[in-house]
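# Summary of the model geometry
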Amino acid sequence: MNNEYSISEITIVTPKEALEKASIRIGDGKIKDFSKSTLKDYPIKGDYILFPALINAHDHLFGTYYPKIGNGPYICWLPWDYDLKSSEVYDERNKNTPYEVYLFGAYKNLISGVTTVHDHIPHVVNNTLIDKLPIRVLKEYTLAHEASVYDLKWGDGIEIEYKRAVEKDLPFVTHIEEGFDEESLRGVDTLEQLDALSDHTVVIHGIGFSEKDIKLLAKKKVNFIWCPGSNMFMFQRTAKVKEIIEAGVNVSIGTDSPASGELNLLEEVRFAKKVYKEMYGDELANDSIVRMITLNPAKAFRLDKRLGSLEKGKLGDLLIIAGDKKKPYKSLVEANLKDIALVIMEGKPLYGDVSFEEMFNNHKSEYTSVTIQGKDKLIIGDLNGVMEKMRKKVGFHKELPFLPVGN
Ligand SMILES: [Zn+2]
């Protein structure tokens, strides 16, 4: 068996429970079982918790730049898109190649504990870039931009794209009702008329959803992705998420791009909790939130046989955070970048604290040292080099706060 090892004496969060002083055995890039390896074991000392690596259910990696753009509230996404594309920040971003901007996005996600991202964009844009990135960006999906007459006409049209998704057992992904004009508010009706609502369907935003829309989505087992940071920035409103959850819809959380959303998935999760409290005067439970960035998106994107939870046979995508092992879910919801102690994809460490150096040593040449939020880390590739190159291209010492390198 290749590259077998185990991590032991750590709190492990499986879908159902948090196992204390537990072990997990990885081999051939997969989770073998929950025993200690006789070949190589890494016992963990101190307050650490092991989760499945996170899934960011909605991002646009090509939008990985800063600052945010927009002067809302808008009536729908269209005038925001105009503001974005006519801004100086957009021109500055485009001094970097698409691959370079995608690298910013991949690293933004990696240092926040994410190994899997859905980059909502036509295949023609991201297909050649994905394989060169340090994390997993989904390739298997069909899509539309939105369901409105003025949408950006991504893909081959809703009917064809949806049918393709069903035939190939893929997700069909689209923004929906991202606005309050008459056309936006017809989004769910339009998908229904085109017979494009089922458990293959993944809809994003839904800030205009009516009670009737929510009932229909639940009945058709449609998956919903919530991006509260982006919604509040652009519209000062977000979807009726409590009603959506209570209707039984599978809900995930995504960041959207940093052009409108929060800086990373950890910030997005905290923002989600805050918005929920403001809207409903109620706490969104920490274990529910953790499912919205692990198992729920794995289900939505039809990857739950391979990802989303720590179970025998799934891929070895692991996240270790520093935190209170008595309160694992709360610790993840409140984690900062510096608390992301180790990120492993298919058994291979990609990013982590220098205290895990021994694990990185097998692949030493692939890593560089980097300081994130004042903490020394090891990272796959050369993030310092990426930052340096970006600063040369834009001609000044640009800071990207979702990549707080050296700070
Ligand atoms: Zn989006």
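### Notes on the overall build of the protein
What the protein contains, in helices and strands, is 16 helices and 18 strands. A compact globule built from 407 residues should have a C-alpha radius of gyration of about 22 Å, and the protein, at 21 Å, falls within 12% of that. With the C-alpha coordinates of the protein rotated into their principal frame, the extents come out at 60 × 50 × 45 Å. Considering the protein as a whole, with its 407 residues, one finds that 52% of them fall into the buried category.

### Some points on the pairing of strand β7 (residues 114-119)
Judged by how many residues are buried, β7 sits mostly within the fold: 6 of 6 residues are covered. The sheet contact formed by strand β6 (residues 54-59) and β7 spans 4 bridges and is parallel. Bridge pairing in β7 links L54 to V114. Here β7 pairs with strand β8 (residues 136-137) via 2 bridges, running parallel. Along β8, the bridge assignment pairs T116 with R136.

### Observations regarding the sheet that holds β7
One open sheet holds the 3 strands; their spatial order is β6-β7-β8, and the pairing between them is parallel. Two strands close off the open sheet at either side, each with one partner strand: β6 and β8.

### Some thoughts on the environment of F402
For F402, the position within the fold is in the segment after α16 (383-394). Linking F402 and I10, residues 392 residues apart in sequence, is a C-alpha distance of 29 Å.

### A few points about the domain arrangement of the protein
As far as domains go, the protein holds domain 1 (5-53 + 310-394) and domain 2 (55-300). Averaged C-alpha coordinates put domain 1 and domain 2 at centres separated by 27 Å. With 27 residues of domain 1 at the interface, the matching set in domain 2 holds 25 residues. Among the elements of the structure, β5 (48-52), α14 (328-333), β15 (340-345), β16 (348-353) and α16 are those that each provide at least two residues to the side of domain 1 that touches domain 2. Tallied by class, residues from the side of domain 1 that touches domain 2 come to 21 nonpolar, 2 polar and 4 charged.

Calculation notes
- Residues numbered from 1 in each chain as written.
- Predicted model: local features only at pLDDT ≥ 70, side-chain atom pairs only at ≥ 80, totals over all residues.
- Helix = DSSP H or I, 4+ residues; strand = E, 2+ residues; numbered from the N terminus.
- Rg over C-alpha atoms; globule rule 2.2 N^0.38 Å.
- Buried ≥ 20, exposed ≤ 12 C-beta atoms within 10 Å, placed from the backbone.
- Pairing = 2+ DSSP bridges.
- Domains from an automatic or database assignment.
- Contact = placed C-beta atoms within 7 Å.
- Nonpolar A, V, L, I, M, F, W, Y, C, P; charged D, E, K, R; others polar.

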